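Spelled out from the first residue to the last, the chains are:
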Amino acid sequence: MTSKAPYVVRTEALTRTFRQGDLTVEAVKPLDLCIGHGELVAIQGVSGSGKSTLLHLLALLDSPTSGHYYLDGTDTAGMDDDTRSAARNTLVGMVFQSFYLIPYASALDNVMLPGLYGDASGKFLRERAEALLERVGLADRMHFKPSSLSGGQQQRVALARALLNDPPLLLADEPTGQLDTATGKDILDLFESINAAGKTIIIVTHDPETATRAARRIEFADGRIVSDTTS
Ligand SMILES: Nc1ncnc2c1ncn2[C@@H]1O[C@H](COP(=O)(O)OP(=O)(O)O)[C@@H](O)[C@H]1O
Ligand SMILES: [Mg+2]
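Cut-offs and rules
- Residues numbered from 1 in each chain as written.
- Chains lettered and ligands numbered in written order.
- Predicted model: local features only at pLDDT ≥ 70, side-chain atom pairs only at ≥ 80, totals over all residues.
- Near = placed C-beta within 6 Å.
- Helix = DSSP H or I, 4+ residues; strand = E, 2+ residues; numbered from the N terminus.
- Nonpolar A, V, L, I, M, F, W, Y, C, P; charged D, E, K, R; others polar.
- Expected span 1.5 Å × (residues − 1).
- Buried ≥ 20, exposed ≤ 12 C-beta atoms within 10 Å, placed from the backbone.
- Arc of directions from axis to C-beta.
- Contact = placed C-beta atoms within 7 Å.
- Pairing = 2+ DSSP bridges.
- Core = buried A, V, L, I, M, F, W, Y, C linked by C-beta atoms within 7 Å.

Undergrad: I'd like a rundown of the site of ligand 1, residues and numbers included.
TA: As a matter of local geometry, ligand 1 sits amid Phe18, Gln20, Val25, Ala27, Gly45, Ser47, Gly48, Ser49, Gly50, Lys51, Ser52 and Thr53. Elements with a minimum of two residues in the shell around ligand 1: strand 1 (7-20), strand 2 (23-36) and helix 1 (51-58). The dominant element in the shell around ligand 1, judged by the number of residues it contributes, is helix 1, at 3 residues. In the shell around ligand 1, the residues fall into 3 nonpolar, 8 polar and 1 charged.

So this is what it looks like as structure tokens:
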């Protein structure tokens, strides 16, 4: 997907506060963040620093307490529910630590899933899903169910699924968190090659080692950015 917006992600004083009884947690403090097309960004911080909360806001899985979020140039605050769902489905791909594949569906059906809400034909979706599974190295596993796949293979399926609608933004929350070091490295290599082909990617991680894989590293602590460096 091509876009005329200068940034894929732009936030203005974006916040998210949770209230539980008398307790208030400012999980994301007023945040100004711009991420341009084709960037590979790691957001690194200790557990509880607000990384997942931020990623959920960027994925339109959650709404901010205040501030603005422009996704691919569009102010997401003005979106009604249908527009928001459509934007979540077409503008954002998301990969999670625990894969979240549908257990009784084949790898191929899992990858095709985000296409079922759109207008594309079954044939088109199937061919695209097959091409993506090939792209992530699973050409020979397309008809396997998640339980017959290793963790690394399941994450590859999840990655292919996130790319089905060719979203301008790919988000990953601790994508190697459940994988051994070697498998995690393979997955990060895959993210890197997908970024090299032009995809804008944000990877959230608690692991400084993982963060060094990204050209731009944002350190997050206590709900705010403490450093933002590009190498
Ligand atoms: N749904 C929620 N309700 C209440 N508090 C939450 C909720 N989600 C996250 N928090 C709190 O927000 C803070 C940041 O959490 P989180 O974004 O999950 O951090 P991280 O992903 O960096 O580990 C934590 O103090 C957490 O307890
Ligand atoms: Mg988290």
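Back to the write-up after that little detour.
Undergrad: So what's going on with helix 4 (residues 122-135)? Which residues, and what values?
TA: Since one α-helical turn is 3.6 residues long, residues separated by three or four positions face the same way. In a regular helix each residue adds 1.5 Å, so 14 residues correspond to 20 Å; helix 4 covers 20 Å between its end C-alpha atoms and thus fits that length. Those residues of helix 4 lying buried are Leu125, Ala129, Leu132 and Leu133. Take helix 4 and look down its axis: the buried residues cluster within an arc of 100°, on one side only. Seen from the buried face of helix 4, the exposed residues on the opposite side, beyond 90 degrees, are Lys123, Phe124 and Glu127. Check the buried side of helix 4 and you find it contacts helix 3 (107-112) and helix 5 (151-163). Following helix 4 by one or two positions, Gly137 adopts a phi angle in the positive range, close to 85°.

Undergrad: With reference to specific residues and values, describe the pairing of strand 10 (residues 224-230).
TA: Within strand 10, only 0 of the 7 residues are buried, leaving the element largely exposed. Relative to strand 10, strand 9 (residues 216-221) is paired through 6 bridges, and the arrangement is antiparallel. Its bridge partner being in strand 10, Ile218 is matched across the sheet by Asp228. Here strand 9 folds back onto strand 10, and the loop between the two strands holds 2 residues, one of which, Asp222, carries a positive phi near 55°.

Undergrad: Just give me the short version of the nonpolar core, but keep the residues and values in it.
TA: Soluble globular proteins: nonpolar side chains tend toward being buried together. One finds Val111, Ala129, Leu133, Ala160, Leu171 and Ile202 to be the most contacted residues of the largest nonpolar core, which totals 57 residues. At 6 residues, helix 5 tops the list of elements feeding residues into this core. Excluding its chain neighbours within four sequence positions, the residues that come into contact with Ala160 are Val111, Ala129, Leu132, Leu133, Arg135 and Val136.

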